[in-house]
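Residues per chain, in single letters:
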Amino acid sequence: MNILIIEDDTLLGDVLRDYLEQLGHEEVRVFPKGADALLALDAHGFDCAFIDLNLPDMDGVELLERLKQKDRTLPVIMMSGYPTMESTIRAMRLGASDFLTKPFTMRDLALALERVFKERNLLLENLSLKLECQAQEQLRHVNRQLQQRIEEKEKLFHVSRVIDEIRSSDDLYASIVELASSLTLCRRVGFFVYLPDLKRVAMISGLGFDNGGLPRTFPVDHEILTRCLQKGRTPVRAPLSAFAATGINEDAQGLGVSETAPAAPGESRVKGVSSLCRLLEEPCSLWPMWIRGELFGFLGIFQAPADERAGEGHSALVDFLMTKAALAVENMALYESLITNFYGILRSLVSALEAKDPYTGKHSERVTHWAVRLAREMAVNGTQIDILKTVGYLHDIGKIGMPDEILNKPSSLTADEYEIVKRHPVIGESIIKDLGLGFEERAIIRHHHERWDGRGYPDGLSGEDIPLLARIVAVADAFDAMTSRRAYRDSLPLEKAVSEIRENSGKQFDPHVVQAFLAVMEKDSKWKR
Ligand SMILES: [Fe+2]
């Protein structure tokens with residue numbers, strides 16, 4: 001141990017040093033003045049100090065106080081020939097570990113040292129435990145932060161995955177409000193689109209609104225709305241009334257409110273209007289969505305007072321959601337308009353084709369109608385029915401490439417002419433094949449003239465090798481052809497056409513499709529009766 005002794009009695013000082021050195025303590029330094037001891041403490045570390053109460057340059061208690069200021073863990077033993085009660089109490093209050101009254105024996109000194117070292121070791125242990133606790137607390141804090149970051153990343157990933165998997169606008173708007181609600185823990189969330197031509201805002205998707213809630217649209221002031229929802233990343237905290245056009249009360253009476261609260265005439269409308277006004281005044285966070293420089297709409301997160309804290313700290317997540325959703329809206333609009341345009345063009349081509357022949361007019365529309373009914377009867381899934389609805393109309397698109405004189409020939413076709421007509425499924429498929437349509441879409445067009453017994457065209461497929469939707473269209477097509485008038489023959493009576501289909505079950509047509517066809521006919525005839 002390194003021991004510091006401040007004692008102006010040099011003889012006593014030397015005796016103490018000799019004794020302590022004999023005990024094996026490493027360095028024992030004796031100073032007659034307090035000032036020298038303070039300097040020595042600055043230069044070296046000591047494990048214990050002995051201070052005489054009466055020093056020539058300062059009071060021993062004052063020196064104790066100054067030593068403790070420099071090292072509060074240093075154990076100090078006070079020594080005095082004439083200790084007073086007052087100086088003893090002062091010294092103990094300032095942290096003295098023990099008091100030796102002169103004259104004392106060397107055994108007293110050794111016992112005092114032993115006590116002091118035990119105390120110091122306890123103190124050091126205590127300090128080290130405290131430091132360890134602090135380090136652990138810090139670690140827990142870092143862990144909490146890390147956990148928070150991981151949860152945030154997981155949420156971002158979830159948002160990303162949900163939005164990426166969406167394939168239709170309706171699903172997208174429903175998902176935006178669901179995701180916003182789950183991210184912010186707010187229970188009432190709506191997605192609104194701005195209709196600049198009508199100067200109205202329409203809620204197209206909402207969560208947490210009861211039937212008597214917000215009307216679907218309300219009028220807005222364009223200037224105020226666009227000023228309020230400036231471009232930028234910060235959400236606006238404002239009630240919807242901040243940009244509602246004046247006269248909204250009157251307007252509300254003629255809008256959603258009367259639809260949603262019709263119970264008691266007159267009275268319900270008044271209630272409806274006041275409920276609308278309350279909703280418009282509700283605290284709300286508005287997250288604008290801008291697409292190509294134009295305000296497309298905004299997300300409204302209605303925060304009840306209980307939700308306010310819950311909504312805090314989720315800005316980055318909602319911001320990410322809105323950025324991702326804006327891109328999805330833009331892509332979807334682009335995609336939907338491309339597809340819509342494409343189908344529109346093809347449909348107008350089919351219409352133009354059918355318009356040339358007064359006998360076949362609207363054939364494709366009727367074929368689609370029957371095909372969808374047969375498919376529903378067979379419990380075909382929704383996606384395939386959607387395919388039938390769009391592509392059924394185009395099943396004969398390949399006839400665009402056929403000469404008019406063959407298509408509109410008022411008499412039966414020659415063998416050569418029939419060979420030309422038989423090319424229309426393949427031509428039809430080639431018209432649509434570069435447009436990214438799937439196998440099922442292409443199959444309807446290519447295979448609607450295949451026969452169950454394998455004697456059809458163009459590929460001579462048979463049985464279930466013929467794709468299901470093509471087998472369905474084949475029955476619908478044949479039925480409409482038989483029941484429509486042609487230039488070279490009258491239409492067949494319905495009963496005759498039905499029996500033709502029945503007789504060709506398992507030959508020209510899939511027996512299951514024929515069964516569905518007969519069930520549909522049966523339902524129709526019951527309805528007529
Ligand atoms: Fe055809």
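Anything mentioned here points back to the structure above.
Residues numbered from 1 in each chain as written. Predicted model: local features only at pLDDT ≥ 70, side-chain atom pairs only at ≥ 80, totals over all residues. Heavy atoms only, no water.

Trainee: Can you explain the coordination of the iron ion? Please cite residues and give values.
Mentor: In an ideal octahedron of six donors the angles at the metal are 90 or 180 degrees, and in an ideal tetrahedron of four donors they are 109.5 degrees. Every protein donor of the iron ion is accounted for by D396 (OD), H424 (NE2), H448 (NE2) and H449 (NE2), and the metal-donor separations fall at 2.0 to 2.4 Å. Its 4 donor atoms give the iron ion angles of 85 to 170 degrees at the centre, a pattern that matches the irregular case. Site description for the iron ion: donor spacing in sequence, D-x27-H-x23-H-H. Highlighted residues: H424 in helix α17 (residues 424-432) and H448 in the loop between α18 (439-447) and α19 (468-483), separated in sequence by 24 residues. Here H424 matches H448 in class, with each residue buried. (Donors = N, O, S within 2.8 Å, 3.2 Å for Na, K, Ca; no water. Tetrahedral: all angles 85-135°; square planar, octahedral: opposite > 155°, others 65-115°. Helix = DSSP H or I, 4+ residues; strand = E, 2+ residues; numbered from the N terminus. Buried < 20%, exposed > 50% of the residue type's maximum accessible area, 1.4 Å probe, protein only.)

Trainee: How would you sum up the nonpolar core? Please name residues and give values.
Mentor: In this structure, L388, L394, I472, F479, I501 and F517 are the most contacted members of the largest nonpolar core, which totals 39 residues. Secondary structure elements with two or more residues in this core: α12 (315-356), α13 (363-377), α14 (382-391), α18, α19, α20 (494-503) and α21 (511-528). Of all the elements, α19 adds the most residues to this core, at 8 residues. (Core = buried A, V, L, I, M, F, W, Y, C linked by side-chain atoms within 4.5 Å.)

Trainee: Give me the pattern of salt bridges: which residues, what numbers.
Mentor: A side chain with one charge can pair with a side chain of the opposite charge if their charged atoms come near. The tally for this structure, following the rule as stated, stands at 24 salt bridges. Across the pair R144 and E137 runs a salt bridge whose closest N-O atoms are separated by 3.5 Å. Accessibility expressed as a relative area gives 47% for R144, which makes it partly exposed. On the basis of relative accessibility, which here comes to 36%, the residue E137 falls in the partly exposed class. A network of salt bridges, in which partner residues are shared, links E429, R442, R446 and D459. (Salt bridge = Lys/Arg side-chain N within 4 Å of Asp/Glu carboxyl O.)

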